[in-house]
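These are the residues of each chain, in order.
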Amino acid sequence: MTEHSPEPSSEPAAHDFLKTRLEKLHKLAALGIDPWGVPFRRTHAPGEVVNGFAALEGKQVTVAGRVVAWRSHGKTVFCDLQDASGRLQLYLRRDQLGEESFGRLDLVDLGDHLGARGRVFRTRAGEVTVAVEDWTFLGKALRPPPEKWHGLKDVESRYRQRYLDLIANARTREILRIRSLTIRALRQGLDERGFLEMETPAMSAVVGGANARPFVTHHNALDCDYYLRISLELYLKRLVVGGFDRVYEIGRVFRNEGMSSRHNPEYTLLEFYQAYADYQDMMALTEELIPEVAERVLGTTVITYQGASINLDPPWRRLPLRQAVADATGVDFLALDHAGVHEAAVRLGLEPTPGTSRAAIIDDVMSRFVQPQLVQPTFLTDYPVEISPLARRRRDDPSLTYRFEAFVGGVEVANAYSELNDPADQRARFLEQAARRDQGDEEAHMMDEDFLTALEYGMPPTGGEGIGVDRLVMLLTDAPSIREVIPFPLLRPRK
RNA sequence: GGGCCAUUAGCUCAACUGGUAGAGCAUCCGACUCUUAAUCGGACGGUUCGGGGUUCGAGUCCCUGAUGGCCCA
């Protein structure tokens, strides 16, 4: 057993703390005690004992957890066990445990996992506590946990060694818990509305559905390059063509682009598609679903994000993109031609690179001057067709589309449209994108012949939407950075 | 990709204009039968992120590299 024990692998010449902990490990072996634990059945998690005290007082419980605090008083010891459910105090007395069992406590270190059986009571100070009658090792810690009071603050360590962050910081535990509940609530909301969850390829020879550079990988047996998906859209719409009239997927997408407090190269996207619906229906669904999720996860539809109080209740504000940009800048960009747009953007202090399209510049202006002001939930509608190659054209103005983006707390959380189901128009849009690719725009869409073929078999009018799950979690947890809500955000490898 | 900032003991942080690297927690030894950031006494612990330079002398100044954070593109 012990010869399989992890030796101080990465560390130079075992630190003192490592050495003394290894010595304790060897002492345990000499006593015939397995420091890695025996089959153990707990009756309660630490938090359950604390929360269920009224019913448990005076009763026997068997608990387990990590030792996170140790207060020794000679012939008694108080120690705190912690797991994700909470923290529970143990009270260990020599006269209760006996000489031998109490003596073995010398071999316990902060960070160890212990199991204990005893009676639940409340101390004079009011702390719910288990008076231990018997205890056992469940897993030795060879390294010390982070500092008990200040915790682990170093941002890099928190991300690289998230397990330490989780041990030390309750806030991190709470954020990741809310992330899980959020995904569950989204799934629940869509399931209840008759959507079917589907799984589409994460690797394929052609990717699309977004303006982004994909990651490339290689399949050896087929000797063929594949891309990692950048969205879920084109496959989900194929499923709609196939007759599934309400589908969704919650999945990881990968975008080979810059990183920021709002962008991680891999992130979680929810997309859903509803046949015989349009973007208006998607708006209605969004302003219903998001508050519903908040209610399920947080118990309220009023949240605080970065100091601002935000009411998620419907109806959300609706505003054409054109008007929003004009209000914010005093310039009616949509009335200008390419040169005029460029000139106006420059006057506002932007520096559009020469190849940038008219609509892309306007989108830029929007991100810079409009988006930060969209704190209360807002739908910006009617996006230009050039930056919406998969959206249906407006009948009253073919240069615009039936599309919206939803913003909350200045963060873009959703993007939706009435889906383009005219294969000829779709082909024209792809060709236009292909021309941009030829001009060196690596983020332009790829021609997807099979998707066009699918449309040629007939897709019903469909409303579709994507929601950035990580950004939604940011809002619900008041997290300033996407890295806070991703368990293991991408970092440069440590050499 | 550019600018700014950070990197000191296991963790959290100090160290004035360049002059002997410190504290708290953790660890180890000792005391203590209701403590809870337990307390009290003692001890151990450093490649000051790496490399180069200036200087009698560098954690501190200069150059360079690494990693991270924030802002910008």
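Look up a bit, the structure's there.
Computed from a predicted structure; not experimentally measured.

(A) A look at the packing of helix H14 (residues 423–438) against helix H15 (residues 449–456). Packing of H14 against H15 brings their axes to within 9 Å, and their N-to-C directions diverge by 165°. The angle between H14 and H15 places the two elements in the roughly antiparallel class. You can see that H14 and H15 cross each other, and the crossing is right-handed. Along the contact surface, H14 presents Pro423, Gln426, Arg427 and Phe430, while H15 presents Glu449, Phe451, Leu452, Leu455 and Glu456. In terms of residue class, the contact of H14 with H15 is built from five nonpolar, one polar and three charged.

(B) Structural view of the side chain of Glu405. Looking at the element boundaries, Glu405 is found in strand E16 (residues 403–408). Judged by its relative accessible area of 6%, Glu405 is buried. Separated by 3.1 Å, the side chains of Glu405 and Arg403 make a polar contact. The contacts of Glu405, once residues within four sequence positions are left out, are Met366, Thr378, Phe379, Leu380, Tyr383, Glu412, Ala414 and Asn415.

(C) Region of the structure containing the side chain of Glu419. Tracing the chain through its elements places Glu419 in the loop between strand E17 (411–418) and H14. On the basis of relative accessibility, which here comes to 1%, the residue Glu419 falls in the buried class. Among the polar contacts listed, one links the side chain of Glu419 to the side chain of Lys237, at a separation of 2.5 Å. The contact partners of Glu419, leaving out residues within four places of it in the chain, are Glu233, Lys237, Tyr273, Leu390, Arg392, Met459, Thr462, Gly463 and Gly464.

(D) Geometry of the sheet that holds strand E14 (residues 317–320). Strand order in the open sheet formed by eight strands is E6-E10-E11-E18-E17-E16-E15-E14, with mixed pairing between adjacent strands. On the outer flanks of this sheet lie strand E6 (196–197) and E14, each paired with one strand and no other. Bridge analysis of strand E11 (residues 266–275) against strand E18 (residues 462–468) gives seven bridges, and the strand direction is antiparallel. Note on E18: the bridge partner recorded for Tyr273 is Gly464. Against the sheet, helix H8 (residues 170–192) makes contact with E6, strand E10 (246–254) and E11, and its axis sits at roughly 155° relative to E10, the strand it touches most.

(E) Expanded view of the environment of Arg318. The residue Arg318 is located in strand E14 in this model. Owing to a relative accessible area of 37%, Arg318 belongs among the partly exposed residues under this scheme. Considered as a pair, Arg318 and Leu380 are 62 residues apart in the sequence and their alpha carbons are 6.1 Å apart.

(F) Broad picture of the protein's contact with RNA strand B. The full set close to RNA strand B counts 40 residues, and Ala125, Lys148, Glu156, Arg483 and Arg492 are the nearest of them. Here a base oxygen of RNA strand B and a side-chain polar atom of Arg71 are 2.8 Å apart. Elements with a minimum of two residues in the surface near RNA strand B: helix H1 (16–30), strand E1 (60–72), strand E2 (76–83), strand E3 (86–93) and helix H6 (155–160). The greatest single-element share of the surface near RNA strand B, amounting to four residues, is contributed by H6. Residues belonging to the surface near RNA strand B are distributed by class as follows: eleven nonpolar, nine polar and 20 charged.

What counts as what
Residues numbered from 1 in each chain as written. Chains lettered and ligands numbered in written order. Predicted model: local features only at pLDDT ≥ 70, side-chain atom pairs only at ≥ 80, totals over all residues. Heavy atoms only, no water. Axes fitted to C-alpha atoms, helices over the stretch in contact; angles between N-to-C directions. Helix = DSSP H or I, 4+ residues; strand = E, 2+ residues; numbered from the N terminus. Parallel < 35°, antiparallel > 145°, perpendicular 65-115°, else oblique. Left-handed = near helix turned anticlockwise from the far one by under 90°. Contact = heavy atoms within 4.5 Å. Nonpolar A, V, L, I, M, F, W, Y, C, P; charged D, E, K, R; others polar. Buried < 20%, exposed > 50% of the residue type's maximum accessible area, 1.4 Å probe, protein only. Polar contact = N/O pair within 3.5 Å; in protein donor to acceptor, adjacent residues only side chain to side chain. Pairing = 2+ DSSP bridges. Near = heavy atom within 4 Å.

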